[in-house]
Amino acid sequence: MSLIGRNYSFQNPDPNSRLYRFKSLRYDPEMEELKQVLKAINKWETRKIQKLYRRAKKGTARGSQQAVIQLLKIIEDYKVEHMEADDPYMPHATAEQISNNRQGIHVCNQTGDGIPMSPDADEFQLNTLVIGPPKAGKSSAIFYGLSQMLFLPILILDIKNIWRHRAQALNAKVIQPPFHIDLEPPYGITWYDWIFSVLDGLALITGLQYGVVPFIEAAKIALQQREKYINHTQSNTSLSLMDIYHALDFVNTSRFKRDYILSCKTALQLIIGPNELFSAREGLPLNEIFTGRYIIECCYLSMIQCRFLAFYFLNYLLQASYHCLESSHLKGIIFIDDSSSFINRPDNAFGSAPSTGFWGHILSKLRGAGRGLIFADQLVDPIFDDVKQLCTNWIIVGGLRDTQNYNEVMSAMNLTRDQADYIGKMKPRECIAYFPNLYPKPIHGVIPFVPSIAEGDFDE
Ligand SMILES: Nc1ncnc2c1ncn2[C@@H]1O[C@H](COP(=O)(O)OP(=O)(O)OP(=O)(O)O)[C@@H](O)[C@H]1O
Ligand SMILES: [Mg+2]
């Protein structure tokens, strides 16, 4: 009879049973307890322990006794080590658990035993949040990781213009301001579908939901103009947000309040900006950018431009992915360093902004595009909730300043209270890395040394 569905619990073997003459089947409470202790100190799954335990259970009387003594010694040694180290992250993980045969991307070395933690590159598809105070070593930690991904497309959005010093080491090209973005749709997407999705995001980011309709009307006018131009001149052309701005003048105002149109124009002006980020009909070749290795210097962009630019890039990748098979492998990394302008709630003097943005919508769907996002930031609290929820991997480098958010960090990183309290004592380069797909507990480690920008190890 099948056991499935029955409430089946393990019965201790009957000492009079015929099976009891097989030593390995005997129920031995002391050996069971030893096993539980070895599991609790995370020594159970190593080959050496398994061998000793088998000998203790099935060996000759003498062999069994010696094996038990050795196992007890391992437990005693652990107790001494634990007391001396006073490390709330003990028991440490074993090499098998966190290094996957030493393949993958080496993130850090576990403190205590120096065992490398190296999650598989594909685990970066689950998005990574790196947090820590100023000068703690966040950028250096990511540089160390990225320098092991030299054959993947990467895009770094660099708001401090410091990554140019690492461009050569990363084999990446630097795009300096001023640069422009046109409205050319990704391959296989119609102009209308593309522009609709862009304007939808624009309305969300500028807080102008009611503006979507006039935006769409203006986009239709701009698209008709474009078609006329192409038919007339037999030459192709693209569009820019500036074309939509001008087309708003031709929208039938009887259907909208005039104020709506003015608000739409103001919103577009904020995004286009004095740096004319979105005013060109021939901007950066996004197709090329997403298949290459680039650093985009964003220091002159406003916060609202940063958010829209991030939305625009990710929406581009998302829409392009609808025409491809879902990817189970990492196809590229997008790293946003000092990401507060991109991923923080835009609170202001009038109160708190909504705690979610467009990120939830995009990040939850972008999984199939094979892109991994990495964000580095100093504070946890102001980050949009959807970003925090959709970053599966978390790394704390050098501690945390906003300690009132330990509870949030504790639940995101599966920390115990003692482990969370330790965050206040961390030093630069020291890290806590949580990659739950690799190992279900946080690893306390140290980021290896990398050449420092400050010491001028890189050519200008
Ligand atoms: N892994 C490392 N190897 C060598 N030096 C490091 C490392 N991490 C940090 N440092 C030192 O600390 C300084 C600050 O590091 P880094 O710029 O990576 O910190 P950060 O957390 O990104 O700072 P910020 O918040 O200002 O962006 C570096 O210039 C370097 O001197
Ligand atoms: Mg930094």
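Residues numbered from 1 in each chain as written. Chains lettered and ligands numbered in written order. Predicted model: local features only at pLDDT ≥ 70, side-chain atom pairs only at ≥ 80, totals over all residues. Heavy atoms only, no water.

**Q** Which parts of the structure should I look at to understand the domain arrangement of the protein chain?
**A** In many analyses, interface size is given as the accessible surface area lost on bringing the parts together. By domain assignment, the protein chain separates into domain 1 (18-85), domain 2 (97-179 + 293-446) and domain 3 (192-272). One C-alpha centre belongs to domain 1, the other to domain 2, and the line joining them spans 41 Å. (Domains from an automatic or database assignment.)

**Q** I keep staring at the packing of helix α2 (residues 47-58) against helix α3 (residues 61-85) and nothing clicks. Help me out?
**A** Direction vectors running N to C along α2 and α3 enclose 140 degrees, while the axes themselves pass 7 Å from each other. Taken together, the axes of α2 and α3 are oblique relative to one another. At the point where α2 passes α3, the crossing takes the left-handed sense. Within the contact between the two elements, α2 uses Lys48, Ile49, Leu52, Tyr53, Arg55 and Ala56 and α3 uses Gly63, Ser64, Gln66, Ala67, Val68, Gln70, Leu71 and Ile74. (Axes fitted to C-alpha atoms, helices over the stretch in contact; angles between N-to-C directions. Helix = DSSP H or I, 4+ residues; strand = E, 2+ residues; numbered from the N terminus. Parallel < 35°, antiparallel > 145°, perpendicular 65-115°, else oblique. Left-handed = near helix turned anticlockwise from the far one by under 90°. Contact = heavy atoms within 4.5 Å.)

**Q** Is there a simple way to explain the sheet that holds strand β11 (residues 443-446) in this structure?
**A** Hydrogen bonding along the main chain pairs the strands of a sheet, whether they run parallel or antiparallel. The eleven strands lie next to each other as β2-β1-β11-β10-β9-β3-β8-β7-β4-β6-β5, forming an open sheet whose pairing is mixed. Two strands lie at the open edges of the sheet, namely β2 (116-117) and β5 (173-175), each paired on one side alone. The pairing of strand β7 (residues 332-337) with strand β8 (residues 371-377) spans five bridges and is parallel. Each bridged residue has a counterpart across the sheet, and for Phe335 the counterpart in β8 is Ile374. (Pairing = 2+ DSSP bridges.)

**Q** In this structure, what is going on with the site of ligand 1? I would like to understand it.
**A** In the vicinity of ligand 1, 18 residues are found, and the nearest of them are Lys138, Ser139, Ser140, Lys160 and Val450. In this structure, Lys135 approaches ligand 1 through a main-chain N or O atom, which is 2.9 Å from an oxygen atom. Val450 is positioned such that a nitrogen or oxygen atom in its backbone is 2.9 Å from a nitrogen atom of ligand 1. Alone, ligand 1 offers 620 Å² of accessible surface; in the complex the protein occludes 82% of this. Tallied by class, the residues present in the shell around ligand 1 amount to eight nonpolar, five polar and five charged. (Near = heavy atom within 4 Å. Polar contact = N/O pair within 3.5 Å; in protein donor to acceptor, adjacent residues only side chain to side chain. Areas by Shrake-Rupley, 256 points an atom, 1.4 Å probe, with all protein chains shown as cover. Nonpolar A, V, L, I, M, F, W, Y, C, P; charged D, E, K, R; others polar.)

**Q** Even after reading the chapter, I still don't get a positive patch on the surface, so can you show me in this structure?
**A** Positive charge collects at one region of the surface, where Lys51, Arg54, Arg55 and Lys58 lie side by side. Looking at the secondary structure, you find Arg54 in helix α2. With relative accessibility at 43%, the residue Arg54 sits in the partly exposed group. (Patch = residues over 30% accessible without salt bridge, like charges linked within 9 Å, V, L, I, M, F, W, Y side chains within 5 Å. Salt bridge = Lys/Arg side-chain N within 4 Å of Asp/Glu carboxyl O. Lys, Arg positive; Asp, Glu negative; His and termini not counted. Charge placed at Lys NZ, Arg CZ, Asp CG, Glu CD. Buried < 20%, exposed > 50% of the residue type's maximum accessible area, 1.4 Å probe, protein only.)

**Q** What exactly am I supposed to notice about the pairing of β8 here?
**A** Every other side chain in a regular strand lies on the same face of the sheet, so the side chains alternate between the two faces. Most of β8 is tucked away, with seven of its seven residues classed as buried. The side-chain alternation of β8 yields two buried faces, one formed by Arg371, Leu373, Phe375 and Asp377 and the other by Gly372, Ile374 and Ala376. Sheet topology places strand β3 (residues 128-131) next to β8; four bridges connect them, and they run parallel. Within β8, the residue paired with Val130 across the bridge is Ala376.

**Q** When you look at the pairing of strand β9 (residues 393-397) in this model, what are you seeing that I'm missing?
**A** Burial runs high along β9: five of the five residues are buried. Side chains of β9 alternate between two faces, with Asn393, Ile395 and Val397 and Trp394 and Ile396 buried alike. Sheet topology places β9 next to strand β10 (residues 430-434); four bridges connect them, and they run antiparallel. For Ile396, the partnering residue across the bridge sits in β10 and is Ile432.

**Q** When you look at the confidence of the model for the protein chain in this model, what are you seeing that I'm missing?
**A** Keep in mind that low pLDDT regions are not for reading the predicted coordinates in detail. Looking at the protein chain, the pLDDT average stands at 88 and 92% of residues meet or exceed 70. When the criterion is pLDDT under 50, residues 1-10 qualifies, and its contacts beyond four places in sequence or with other chains add up to three contacts. Every residue in residues 456-460 scores below 50 in pLDDT, and together they form eleven contacts with partners more than four places removed in sequence or on other chains. (pLDDT = per-residue confidence, 0-100.)

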